[in-house]
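This is what each chain is made of:
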Amino acid sequence: MEFWTFFAARPLMWLIVTITTFIATSWLNRRLGGTPLLHPVLVSLFLIIVFLLLTGTSYETYFEGAQFIHFLLGPATVALAVPLFDHFERVKKLLLPLMLACMAGAVTAAVSALLVAQALDASLGTLLSIAPKSVTSAIAIGVAEKLGGYPSLASGLVLITGALGCMLAPPIYRILNITDEAVKGFTLGVSAHGMGTAFAFEYGLMAGAFGGLAMGMTGAFTAFMLPLLVSLLGIG
């Protein structure tokens, strides 16, 4: 017990646990054909939570090691601009359609979620947490907190939304005969945020670039639009 207490208090321990878990779940996901139902992020999250509960480790202790990975989230997001720059000319030509698609997607995602949740008699806190489900976690948590929702619930709903988006996108592309990488990437970025953008890179660099663009545009638009939308719908 003293041996475990000694190592559990070391930040390096939790950094290794996080990296090892993600590598293992990524390998498992590839072996199973890349199914979104077992996305490495979701499986890693579940396994680490179980491990923390079994060992009685607090989140604060865990984050002392995981914060080093958390710090890299910013540079990784900025790095999405590299493939986007390579396709900047096409982005300029499609700027108006992309803006309209982003706004339509963001509004549809929020309104449909709120109306369905209302029809199911969801509580006010749940409604305000589910509204930002289609944007990246950092923005969803901030928006939910500002609106009066539950940041932890919003974060979980973001992960579920991302997994569902990655799962449903391929069959929809086949049904609608969508072959353009830019369209695939942008729709994934709008509907499935960061997980969708990562998934878009499997279609190619152009898809990943447009996914990153969509994720940023949707997040920024939602942060400004959602409080107004909630007010217009008479929620809160």
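The name given to the protein in an unreviewed UniProt entry is LrgB family protein, and the organism recorded there is Amphritea pacifica. Recorded under Subcellular location (unreviewed entry), the UniProt text for the protein is reproduced unchanged: "Membrane".

*Asks:* With reference to specific residues and values, describe the side chain of T218.
*Replies:* Inspection of the secondary structure assignment puts T218 in helix α13 (residues 205-232). Classification of T218 by relative accessible area gives buried; the value is 2%. At 2.7 Å, the side chain of T218 forms a polar contact with the backbone oxygen of A214. Not counting chain neighbours up to four residues away, the residues in contact with T218 comprise C102, A106, S134, V135 and V190.

*Asks:* Mind laying out the domain arrangement of the protein, listing which residues take part and the relevant values?
*Replies:* One can read the domain layout of the protein as domain 1 (2-71) and domain 2 (78-232). Taken over C-alpha atoms, the centre of domain 1 sits 26 Å from the centre of domain 2. The interface of domain 1 with domain 2 comprises 6 residues on the first partner and 5 residues on the second. Contact between domain 1 and domain 2 buries roughly 560 Å² in total, counting both sides, with carbon and sulfur atoms accounting for 89%. Taken together, the connections running from domain 1 to domain 2 amount to 0 salt bridges. At the boundary of domain 1 and domain 2, one finds 0 residue pairs in polar contact (both at pLDDT 80 or more). Looking at the side of domain 1 that touches domain 2, its residues break down into 5 nonpolar, 1 polar and no charged.

*Asks:* Account for empty space enclosed by the protein, with residues named and values stated.
*Replies:* By the definition in use, this model includes 1 cavity of 30 Å³ or more. Reported here for the largest cavity is a volume of approximately 40 Å³. Lining the largest cavity are A106, A109, A110, A131, P132, K133, S134, V135 and T222. The dominant element in the lining of the largest cavity, judged by the number of residues it contributes, is helix α8 (residues 95-119), at 3 residues. Taken together, the residues that form the lining of the largest cavity break down as 6 nonpolar, 2 polar and 1 charged.

Quick notes on the rules
Residues numbered from 1 in each chain as written. Predicted model: local features only at pLDDT ≥ 70, side-chain atom pairs only at ≥ 80, totals over all residues. Heavy atoms only, no water. UniProt positions renumbered as here; feature names shortened; annotations may be inferred. Helix = DSSP H or I, 4+ residues; strand = E, 2+ residues; numbered from the N terminus. Buried < 20%, exposed > 50% of the residue type's maximum accessible area, 1.4 Å probe, protein only. Polar contact = N/O pair within 3.5 Å; in protein donor to acceptor, adjacent residues only side chain to side chain. Contact = heavy atoms within 4.5 Å. Domains from an automatic or database assignment. Buried area = accessible area lost by both parts, 1.4 Å probe. Salt bridge = Lys/Arg side-chain N within 4 Å of Asp/Glu carboxyl O. Nonpolar A, V, L, I, M, F, W, Y, C, P; charged D, E, K, R; others polar. 1 Å grid on protein atoms, 1.4 Å probe; cavity = no way out; pocket = protein on both sides within 12 Å on 5 of 7 lines; lining within 4 Å. Points joined across faces, edges and corners; volume = space filled by probe spheres on them.

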